[in-house]
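# Structure assessment
For reference, the chains in residue letters:
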Amino acid sequence: MKQVTIASTIQEFMSFIELLDDAYWEAATLESKDLLYDIISIFSLEMSELNKLSIQDHHYPYEIITEGIRRVVPKIERLDEKKEDVIQRTQTLIDIKEVMSNVISILEDQTKGS
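Residues numbered from 1 in each chain as written. Predicted model: local features only at pLDDT ≥ 70, side-chain atom pairs only at ≥ 80, totals over all residues. Heavy atoms only, no water.

## Some words on the overall build of the chain
The following threshold applies: Working definition: helices are DSSP H or I runs of at least four residues, strands are E runs of at least two. Numbering for both runs from the N terminus. C-alpha atoms define the radius of gyration, and 2.2 Å times the number of residues to the power 0.38 defines the globule rule. Categorising residues by exposure relies on relative accessible area from a 1.4 Å probe, with only protein chains included: less than 20% of the type maximum marks a residue as buried, more than 50% marks it as exposed, and the intermediate range marks it as partly exposed. Working rule for contacts: check all heavy atoms of both residues, and any pair within 4.5 Å makes them a contact. The Shrake-Rupley method, run with a 1.4 Å probe sphere, supplies the accessible areas, and residue values consider only the shown protein chains as cover. In this count, Lys and Arg are taken as positive residues and Asp and Glu as negative ones, while His and the chain termini are left out. By convention, charge coordinates are those of NZ in Lys, CZ in Arg, CG in Asp, or CD in Glu.
Within the chain, the secondary structure is distributed over 5 helices and 0 strands. The N-to-C order of helical and strand elements in the chain reads α-α-α-α-α. Against the compact-globule benchmark of 13 Å for 114 residues, the chain has a radius of gyration of 14 Å, which places it among compact chains. Projected onto the principal axes, the alpha-carbon positions of the chain cover approximately 40 × 25 × 25 Å. Within the chain, the fraction of its 114 residues that count as buried is 39%. Sequence-distant contacts, at least 24 apart, represent 74% of the contacts inside the chain between residues at least 6 apart. Per element, the accessible surface of the chain, about 6,700 Å² overall, is 50% carbon and sulfur. One way to put it: in the chain the 12 positive side-chain charges average out to a point 3 Å from where the 22 negative ones average out.

## Quick word on the packing of aromatic side chains
What characterises a pair of aromatic rings is the spacing of the ring centres plus the angle enclosed by the ring planes. The condition that has to hold: Only rings of Phe, Tyr and Trp enter the pairing, Trp through its six-membered ring, and a pair is recorded when the two centres are within 6.5 Å. The plane angle decides the type: under 30 degrees is stacked, over 60 is edge-to-face, the rest tilted.
Across all of its chains, the model carries 5 aromatic pairs by this definition. Ring centres 4.9 Å apart and planes at 85 degrees place the aromatic pair Phe-13 and Phe-43 in the edge-to-face group. On the criterion of sequence distance, the pair formed by Phe-13 in helix H1 (residues 6-26) and Phe-43 in helix H2 (residues 30-50) is long-range, its members being 30 residues apart. On the numbers, 5.7 Å between centres and 85 degrees between planes, the contact of Phe-13 with Tyr-62 is edge-to-face. Placement of the pair is Phe-13 in helix H1 and Tyr-62 in the loop between H2 and helix H3 (67-70), with a sequence separation of 49 residues.

## Looking at helix H4 (residues 73-86)
Just so we agree on the cut-off: Helix span, expected: 1.5 Å multiplied by one less than the number of residues in the helix. Bend, in this description, refers to the angle at a residue between axes fitted to the seven residues ending there and the seven starting there.
When the terminal C-alpha atoms of H4 are compared, their 17 Å separation across 14 residues is substantially less than the 20 Å that a helix rising 1.5 Å per residue should span. The sharpest bend along H4 measures roughly 45 degrees and falls at Asp-80. Residues of H4 that are buried include every one of Val-73, Ile-76, Leu-79, Lys-83 and Val-86, and no others.

## What to know about H1
Here H1 is 21 residues long and its end C-alpha atoms lie 30 Å apart, about the 30 Å a rise of 1.5 Å per residue gives. Of all the positions in H1, only Ile-6, Thr-9, Ile-10, Phe-13, Phe-16, Ile-17, Leu-19, Leu-20, Ala-23 and Glu-26 are classed as buried.

If you want it as structure tokens, here you go:
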């Protein structure tokens, strides 16, 4: 698989965070909100670090920065398994499926390399 750039990773992560935020506000249970909030927090920390990089560096291959993002894949996979129960709105569910798949692919590619 071709290694993704910092710019494309930022775009995928931002889309994922926005959809997770929608899902958080739509969630019906505290358990669902906790799972979503935990994932949002982890991605927010990674995005905070990525946003510190110079725009001139955005063409370089993406490498994980924060430790939390290394361990988030099982949480995303759990969300993926429960997505029909956790994500209430049909449009949010449709939108998150592809983005979630892309994010998992990016992260699994990173963790295989380390």
